[in-house]
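Here is how the chains run, residue by residue.
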Number of protein chains: 2
Amino acid sequence: MFSLPDVIEPSVSACSKAQSQLMRALGSRVQIGAEISDDYQTDDSGIIGKRPIAVVLAETEQDLQTALRIAAETEVPIVPRAGGSGRTGGAVPAATGIVLATLGMNRPIELDRGEGSLVVAPGARLSEIHSLVESEGWFYPPDPNSAELCCIAGNVAENAAGPRAFKYGSTRDYVLGLDVFLMGGQKLFAGRRTRKGVTGYDIVSLLVGSEGTLGVFGNVTLKLIPKPASILTMLCSFSQMSDAARAVERVVLARFSPRCIEFLDEKTVSVMREHGTSVAEGTQALLLLEFDGSEAECERQAEEVGNLCVAAGAVDVRVALLAEQRKMLWNTRKQMSHAVRKRALHKISEDVVVPRRSLLELIDEVRRLGDIYQIDTLCYGHAGDGNLHVNFLWNTDEELPRVDGAVRDLFHKTIALGGTLSGEHGIGLLKAPFLGLEQSAPLVDLQRRIKDTFDPKGILNPGKIFPSPGRPNTHGSC
Amino acid sequence: MFSLPDVIEPSVSACSKAQSQLMRALGSRVQIGAEISDDYQTDDSGIIGKRPIAVVLAETEQDLQTALRIAAETEVPIVPRAGGSGRTGGAVPAATGIVLATLGMNRPIELDRGEGSLVVAPGARLSEIHSLVESEGWFYPPDPNSAELCCIAGNVAENAAGPRAFKYGSTRDYVLGLDVFLMGGQKLFAGRRTRKGVTGYDIVSLLVGSEGTLGVFGNVTLKLIPKPASILTMLCSFSQMSDAARAVERVVLARFSPRCIEFLDEKTVSVMREHGTSVAEGTQALLLLEFDGSEAECERQAEEVGNLCVAAGAVDVRVALLAEQRKMLWNTRKQMSHAVRKRALHKISEDVVVPRRSLLELIDEVRRLGDIYQIDTLCYGHAGDGNLHVNFLWNTDEELPRVDGAVRDLFHKTIALGGTLSGEHGIGLLKAPFLGLEQSAPLVDLQRRIKDTFDPKGILNPGKIFPSPGRPNTHGSC
């Protein structure tokens, strides 16, 4: 059973002081009491956090600074929130306090056409960024499934990735510089606006993926790359899971560079069928591959990789020739998380990563855990990176201890295979109890000391990433 | 005139205590007194630092730990040193103390053929890494000119780049994980061995480019990418500097992705001629472009980019068809720094970066500075990234104040153009006095606090990156 971590709660008087100061300073941009939607207590992790004492709907940098100043002065915890589409509870308040929502700060979006860079406000939607830059012949690769909902500030906080990360990397690889607002409200510009630069420590990379625990993000400067001329999408069906895993290994070994290699297991395939995707009979596993570059390059790679998949045992290889077909395939893939949710009342999705050669072993382990713990399981994900989304599904609270056991065993197996707890969702609240499984105590201590440097009172998004003292390696689900 | 920064010097008794402890613990792997080569007082910056009281020629991780423990216990400064080919004095002792040389730790180099990753010891030579991975069909892109001399630990410390960074990025983009030894000797593994991972703060990126001020590096895990099938190199001559700059802008705007776009000015061209490279008459500027990918892709890009260069005013376009021609071109380019050194007794090379559209303005400024200060100047560098190597040459000490003035003005202009002080050499000793030109005082303070987290006594490579208190924005040359 997941329970919120032990964090220091603010006093009642501190809370009411913070409320009145916020209202005085920010007026209608502050909500309190019954005005506050329940949405601010949760995010796409499904965890229900503490009810906020105030929600600041920031519209300007000054609003961010004011909120951070009041939080610091009153010592009331504050949680930054962008699109609210995170999967591990990064935006869920673990302590009673203020939610600082930056969704309203969605302008300007400024494209520097010559330099190939983009300055975006923290609340800019990822899908809007994609449309803008692609219409100008540029490309911003990170593509988490939540692109229609998520905002750049959240992408930066979680170091968001997505299928194209196989070829193009994650958000961190594209952030040149950013404005960050520290506890107390001080504004800093970290990084640079040029393509290259090594002046001082890489504070930008430290901030990217810091899950809202070090600072609150303002404008972000992104590096763009040229938009590929052509894209070609291919769907390969396998009658054996092991054949699909072997195909992934062979594609990597043969050093092809598709931009995505997505794996989908049998149960995921049945979800795809339910959503109208035509998949060959007897398919136990699918690979969804995508190539980009010149048209000739795409065709050459697709042909060679298609042959390689057939040699590995593919029973069917289809190329999505039309943009419409491509779109449908990806829509189905991108809706998978929500479609899977309909199979049961509850699900948890763990985005573990293992060395690519260990993919089949991990998939087998997931099946084994499903059998042992008698839980419905389902896997899909970014096979090219060794990054699986392992889903455990259940309906009743009685099943929870078994789900907990399966999740715990999955993490142990992942680490034993030389893997990592999270490929793109972050640690947040859900995985914090397990941090010590992957990282040594001195490394965790070092990170805590860095956190103290930014936030000595521990009131910026408390309870995230680091396990609560005295509650190591326990875990629950939601 | 460059002078070493004000740093705290150890007491004589602390030094002799450190010497005797080191000798007792490490025996013949410690040099003291006359045994110590003068080389350990300097690096490729030419700065002469303090004479070390001891040089530890580390062969094992245990040696690193012992040296760091003794340094911490006796409070004697310690400076890590890899290949000694740095350009800003990162390995030059600013304080009397210990030099910790990791050049001898050059084994193992372990290629994981399936995963496409490589574990290398800190003293592994970059050229050796290139040969090994390329012979197996993999590719490690960073290629500083010093590849024959530099070691991976130094590349990591400085976030080394090189011409191919235009397409492929810098060292930081390829470090998945590393062993780091902290002051006192504690060993940590930071990062991961998988392709992807977002567990905790990105300590790896913080360490990469930290110039030996946060920790000493042990084994490094590098990400590899598939080796491109073909390479095509092209040399375009321009009779006007402005035409070459315009060509760079057009190539970028047309969204081609050569792996390198190197610019060389008129004086650099004359150095190339002296070294036997045939260059068209009347050439005032050269662009050296390189394409990689499939053979067809290289040819298509070269043809289109060649046409584009001609349209921008190129008077001559040559393609290096033979591997031998390619090698000769690059050898000349890579030897440029040392060849230029022969034009005068002294030189300083500043690796500033500006937005690409401002390249011509910067080049013009360098010429203007040469005229104003009556100093020989020369420019070349990674034009695709907006990263120029601006060389100032002089012969007598009398010229030094003028060199200082030119360097100072160059940095001011770079910052005014929205640029950064260093694209790949780092800040080290040479640029530390100028850090405040680019970075705000609160950002510098934040970095100092992070440094304190790792090294509270300030004895790990002191005097680097951060300006000495009370000596801001003065600068000299060596």
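Scroll up for the structure.
Just so it is clear, the model here is predicted, and its values are computed rather than measured.

Peer 1: Just to check I follow, could you spell out helix H9 (residues 295-311) of chain B for this structure?
Peer 2: Each turn of an α-helix holds 3.6 residues, which means side chains three or four residues apart point in the same direction. Between the first and last C-alpha of H9 of chain B there are 24 Å, a value that for 17 residues agrees with the 24 Å anticipated at 1.5 Å per step. Packing partners of the buried residues in H9 of chain B comprise strand S12 (230-238), helix H7 (241-253), strand S14 (285-293) and strand S15 (314-320) of chain B.

Peer 1: Help me out: how do you make sense of the packing of helix H1 (residues 12-26) of chain B against helix H2 (residues 61-74) of chain B in this one?
Peer 2: Two numbers describe a pair of packed helices, the interaxial angle and the distance between the axes. Residues and elements named next belong to chain B. It is at 10 Å that the axes of H1 and H2 come closest, and there the two elements cross at 155 degrees. One way to sum up the angle between H1 and H2 is to call them roughly antiparallel. As for how H1 packs across H2, the hand of that crossing is right-handed. On H2, the residues touching Ala14, Lys17, Ala18, Gln21, Leu22, Ala25 and Leu26 of H1 are Asp63, Thr66, Ala67, Ile70, Glu73 and Thr74. Across the contact of H1 with H2, the residue classes tally to seven nonpolar, three polar and three charged.

Peer 1: Please clarify how the relation of the copies chain A and chain B should be interpreted in this entry.
Peer 2: For these two chain copies, the linking operation is a rotation about an axis paired with a shift along it. For the pair chain A and chain B, the superposition axis carries a translation of 0.0 Å, the fit reaches an RMSD of 0.0 Å, and the rotation angle comes to 180 degrees. Read as a symmetry element, the transformation amounts to a two-fold axis. Most of the interface of chain A is mirrored in chain B, where 100% of its interface residues are also at the interface.

Peer 1: Sorry, what's going on with the sheet that holds strand S5 (residues 109-112) of chain A here?
Peer 2: In a beta sheet, neighbouring strands pair by backbone hydrogen bonds and run either parallel or antiparallel. All names here are of chain A. Pairing within the open sheet is antiparallel, and its five strands lie in the order S5-S6-S10-S8-S9. Two strands in the sheet have a free side with no partner beyond their single neighbour: S5 and strand S9 (187-191). Pairwise comparison of adjacent strand axes, ignoring direction, gives a mean angle of 15 degrees for this sheet. Relative to strand S10 (residues 216-223), strand S8 (residues 175-181) runs antiparallel, the two being bridged by five bridges. Looking across to S10, one finds that Val180 is bridged to Phe217. Along the sheet face, helix H2 (residues 61-74) touches S8, S9 and S10 and points at about 55 degrees away from the line of S8.

Peer 1: Would you mind showing me how to read the interface of chain A and chain B here?
Peer 2: In many analyses, interface size is given as the accessible surface area lost on bringing the parts together. Counting residues at the interface gives 78 residues for chain A, matched by 78 residues for chain B. Among the residues chain A hides against chain B, the three largest losses belong to Lys196, Val198 and Tyr201 of chain A. Together they make up 16% of the total. Taken together, chain A and chain B are joined by 28 residue pairs in polar contact (both at pLDDT 80 or more). Secondary structure elements with two or more residues in the side of chain A that touches chain B: S9, helix H6 (203-207), helix H7 (241-253), helix H9 (295-311), helix H14 (435-438) and helix H15 (441-454) of chain A. Residues belonging to the side of chain A that touches chain B are distributed by class as follows: 28 nonpolar, 29 polar and 21 charged.

Peer 1: For this particular structure, what's the right way to read the packing of aromatic side chains?
Peer 2: Think of a pair of aromatic rings as described by two things: how far the centres are apart, and how the planes are tilted against each other in angle. Residue and element names in this part refer to chain A. For the structure on display, the rule yields eight aromatic pairs over all chains. Both rings, one in Phe139 and one in Tyr168, keep their centres 5.5 Å apart while their planes meet at 80 degrees; by these two values the pair is edge-to-face. Of this pair, Phe139 sits in strand S7 (residues 138-139) while Tyr168 sits in helix H5 (residues 165-168); the two residues are 29 residues apart in sequence, bridging distant segments of the chain. We classify Phe139 as buried; its relative accessible area is 2%. Taken together, a centroid distance of 5.9 Å and an interplanar angle of 80 degrees make the contact between Tyr140 and Tyr174 edge-to-face. Placement of Tyr140 in the loop between S7 and helix H4 (152-158) and of Tyr174 in the loop between H5 and S8 is noted, with a sequence separation of 34 residues between them. Across this residue pair, the class does not change: Tyr140 and Tyr174 are buried. Its end group placed over the ring of Phe189, Arg193 keeps NZ or CZ at 4.4 Å from the ring centre. Here Lys223 stacks its cationic end above the ring of Tyr174, 5.7 Å away from the centre of that ring.

Peer 1: In this structure, what is going on with the pairing of S14 of chain B? I would like to understand it.
Peer 2: All names here are of chain B. A large share of S14 lies buried, amounting to nine of its nine residues. The alternating pattern of S14 places Ala285, Leu287, Leu289, Phe291 and Gly293 on one face and Leu286, Leu288, Glu290 and Asp292 on the opposite face, and all of these are buried. Direction of pairing for S12 relative to S14: antiparallel, over a ladder of nine bridges. Along S14, the bridge assignment pairs Leu235 with Leu288. Here six bridges tie strand S13 (residues 260-265) to S14, and the two strands are oriented antiparallel to one another. Paired with Cys260 across the two strands is Glu290, which belongs to S14.

Peer 1: Is there a simple way to think about the packing of H7 of chain A against helix H12 (residues 359-373) of chain A in this case?
Peer 2: All names here are of chain A. At a closest axis distance of 9 Å, the pairing of H7 and H12 adopts a crossing angle of 150 degrees. Judged on the interaxial angle alone, H12 and H7 are roughly antiparallel. Here H7 runs over H12; the crossing is right-handed. Here Met241, Ser242, Ala245 and Val248 of H7 lie close against H12, whose contacting residues are Leu359, Leu360, Ile363 and Arg367. Split by residue class, the contact of H7 with H12 holds six nonpolar, one polar and one charged.

Peer 1: Explain the side chain of Gln31 of chain A to me, please; I cannot follow it from the model alone.
Peer 2: Residues and elements named next belong to chain A. Within the element layout of this structure, Gln31 appears in strand S1 (residues 30-31). Assessed through its relative accessible area of 19%, Gln31 is described here as buried. Apart from the residues lying within four places of it in its own chain, the contact partners of Gln31 are Ile36, Tyr40, Ile53, Ala54, Val55 and Leu57.

Quick notes on the rules
Residues numbered from 1 in each chain as written. Chains lettered and ligands numbered in written order. Predicted model: local features only at pLDDT ≥ 70, side-chain atom pairs only at ≥ 80, totals over all residues. Heavy atoms only, no water. Helix = DSSP H or I, 4+ residues; strand = E, 2+ residues; numbered from the N terminus. Expected span 1.5 Å × (residues − 1). Contact = heavy atoms within 4.5 Å. Axes fitted to C-alpha atoms, helices over the stretch in contact; angles between N-to-C directions. Parallel < 35°, antiparallel > 145°, perpendicular 65-115°, else oblique. Left-handed = near helix turned anticlockwise from the far one by under 90°. Nonpolar A, V, L, I, M, F, W, Y, C, P; charged D, E, K, R; others polar. Least-squares fit on C-alpha atoms with pLDDT ≥ 70 in both. Pairing = 2+ DSSP bridges. Buried area = accessible area lost by both parts, 1.4 Å probe. Polar contact = N/O pair within 3.5 Å; in protein donor to acceptor, adjacent residues only side chain to side chain. Phe/Tyr/Trp six-rings, centres within 6.5 Å; stacked < 30°, edge-to-face > 60°. Buried < 20%, exposed > 50% of the residue type's maximum accessible area, 1.4 Å probe, protein only. Lys NZ or Arg CZ within 6 Å of the ring centre and 35° of its normal.

Just distances and angles here, no functional claims.
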